[in-house]
Amino acid sequence: MNRRTRELIKQLQSESPKERYLAAAELAKRKDIEALPALNKVATFDQNENVRTMAYNAVRFLSQIKNQMDQEELRRRVLQSNEDDDSDDSHPLWSEDDDDDDDDDSKDDIRVTAADLGISGSFLFGEDDDDEDDEVRPSSKKTRKGKRKKSPQSEAVRRARRERRKRANFKMVLWLSALLAVIALTLAVREEYTEPRTREDAIQGLDIWLEQMIETTGVYTTALSGTSFDCSSFQNNSQFNIPEGPEWAARDGKNQENLDDFFDGMEAAQERLITVKRTLEQLCAREGGATIDLPPAANLAQQVSEVSILHLSKAANALDEARQNLAE
């Protein structure tokens with residue numbers, strides 16, 4: 001478990017429901033299955049319904065990922081087992097050494113019987129006439145006292161047996177894969193977090209998107225506050241990435257009616273930040289240094305300020321108005 005995951009799990013115990021909600025959402029986004037126990041606890045015992053819902057959805061999403069990982073591990077183990085079976089020459093069903101040992105034991109038994117009968121051991125190997133040899137062999141079989149005589153198995157028979165085992169194991173893998181696929185499909189069909197269940201859930205989810213945009217705008221404002229810009233931190237810092245809204249967010253989406261002002265503000269803010277980011281990427285690529293001087297004509301800091309003053313404030317006012325209408 002990496003440090004960021006531990007920090008998010010600790011954040012799940014925050015006194016702020018919003019912090020716990022954001023922590024559960026980010027743990028799901030990071031696809032870290034080690035967070036499942038902590039998320040299960042929040043989904044069961046948290047006092048805030050929105051937090052419980054987000055944690056529950058995160059658990060379902062991470063459980064699907066864990067099922068896929070278990071399926072791949074099971075397939076790998078079965079294939080490894082087949083390879084081990086093919087390389088195992090000591091199995092009693094097809095061991096050539098075992099057959100040879102058994103033949104040697106049979107010859108030893110026959111020698112004892114021939115000696116007891118007073119017959120020369122040379123008869124056993126066909127050095128005398130066939131009639132006498134035929135008399136010795138039946139006698140030797142009677143004195144073996146229940147020891148089963150094994151017939152030599154050809155290579156074709158052993159190969160056919162191995163192929164049958166492979167087919168049986170392959171069928172088992174297919175059956176287990178189909179079962180896990182059905183489980184994953186069932187979870188996907190019943191996935192509830194793709195759309196908000198209530199108007200309040202929709203407003204809460206859009207508010208999280210707004211908070212992320214505000215944080216990103218603050219990162220750009222801080223970075224552009226001077227006359228120079230650190231290109232190395234910009235290229236390797238994910239905080240400069242422009243946040244995207246939830247997959248279910250749409251003007252005509254479920255429980256998102258009459259929020260055109262919010263979407264207008266968020267889309268305008270995204271476009272402005274994308275323009276600023278592309279300009280910085282071009283300047284850093286052209287200068288080729290770790291630190292560059294910002295050209296005053298670019299007005300990048302002013303453009304970022306307009307994002308907060310004009311566009312994000314418009315989106316925030318639209319959400320506040322929607323909350324007030326919901327309360328009424």
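Since we're looking at a predicted model, the values are computed, not measured.

Draft legend 1. Expanded view of the nonpolar core. Formed by 35 residues in total, the largest nonpolar core has its most connected members in Leu206, Tyr220, Phe229, Phe262 and Leu280. Elements represented by at least two residues in this core include exactly helix H8 (199-223), helix H9 (231-235), helix H10 (260-287) and helix H11 (300-327). The biggest single contributor to this core is H10, with nine residues. Counting residues in each nonpolar core, the second largest holds 23 residues, with Tyr21, Ala24, Leu39 and Leu62 among its members.

Draft legend 2. Structural view of helix H2 (residues 17-30). Compared with an ideal rise of 1.5 Å per residue, which puts 14 residues at 20 Å, H2 spans 20 Å between its outermost C-alpha atoms and is within 8% of the ideal. Listed in full, the buried residues belonging to H2 are Arg20, Tyr21, Leu22, Ala23, Ala24, Leu27 and Ala28.

Draft legend 3. Fine view of the state of the cysteines. All chains considered together, the criterion is met by one disulfide. Here Cys231 is linked by a disulfide to Cys284, with a sulfur-sulfur distance of 2.1 Å. When the S-S torsion is -85°, as for the bridge of Cys231 with Cys284, the disulfide is left-handed. Here Cys231, found in helix H9, pairs with Cys284, found in helix H10; they are 53 residues apart in sequence, far enough to count as distant. By relative accessible area, which is 1% here, Cys231 ends up buried. Looking at Cys284, the relative accessible area reads 3%, which means it is buried.

Draft legend 4. Local environment of the environment of Ala55. Position of Ala55 relative to the elements: it lies in helix H4 (residues 49-87). Classification of Ala55 by relative accessible area gives buried; the value is 0%. In this structure the C-alpha to C-alpha distance between Ala55 and Leu39, which are 16 residues apart in sequence, comes to 5.5 Å. Setting aside chain neighbours within four positions, we find Ala55 in contact with Ala24, Leu39, Val42 and Ala43.

Draft legend 5. Spatial organisation of the packing of H2 against H8. With their axes 12 Å apart at the nearest point, H2 and H8 run at an angle of 85° to one another. Viewed along their axes, H2 and H8 adopt a mutual orientation that is roughly perpendicular. Contacts between H2 and H8 involve Lys18, Tyr21 and Leu22 from the former and Gln204, Gly205, Asp207, Ile208 and Glu211 from the latter. Looking at the contact of H2 with H8 residue by residue, the class counts come to three nonpolar, two polar and three charged.

What counts as what
- Here, residues in each chain are numbered from 1, in the same order as that chain's written sequence.
- The predicted origin of the model limits local features to residues at a pLDDT of at least 70 and limits the giving and counting of side-chain atom pairs to 80 or more, whereas totals for whole chains, interfaces and linings rest on all residues.
- Side-chain measures here rest on the full set of heavy atoms in the structure, leaving out hydrogens and waters.
- Remark: nonpolar core denotes a set of buried residues (Ala, Val, Leu, Ile, Met, Phe, Trp, Tyr, Cys) joined through side-chain atoms within 4.5 Å.
- When a residue's accessible area, from a 1.4 Å probe over protein chains only, is under 20% of the maximum for its type it is buried; when over 50% it is exposed; and in between it is partly exposed.
- Secondary structure follows DSSP: runs of H or I at least 4 residues long count as helices, runs of E at least 2 residues long count as strands, and numbering of each begins at the N terminus.
- The span one expects for a helix is its residue count, reduced by one, times 1.5 Å.
- Only a pair of cysteine sulfur atoms within 2.5 Å counts as a disulfide in this structure description.
- Any pair of residues with heavy atoms lying within 4.5 Å of one another is described as a contacting pair.
- For helices, the fitted line uses only the C-alpha atoms of the stretch in contact; every axis is such a line through C-alpha atoms, and the angle between N-to-C directions lies from 0 to 180 degrees.
- For classification, angles of less than 35 degrees are called roughly parallel, those exceeding 145 degrees roughly antiparallel, those between 65 and 115 degrees roughly perpendicular, and all remaining angles oblique.
- Polar here means any residue outside two lists: the nonpolar Ala, Val, Leu, Ile, Met, Phe, Trp, Tyr, Cys and Pro, and the charged Asp, Glu, Lys and Arg; Gly therefore counts as polar.

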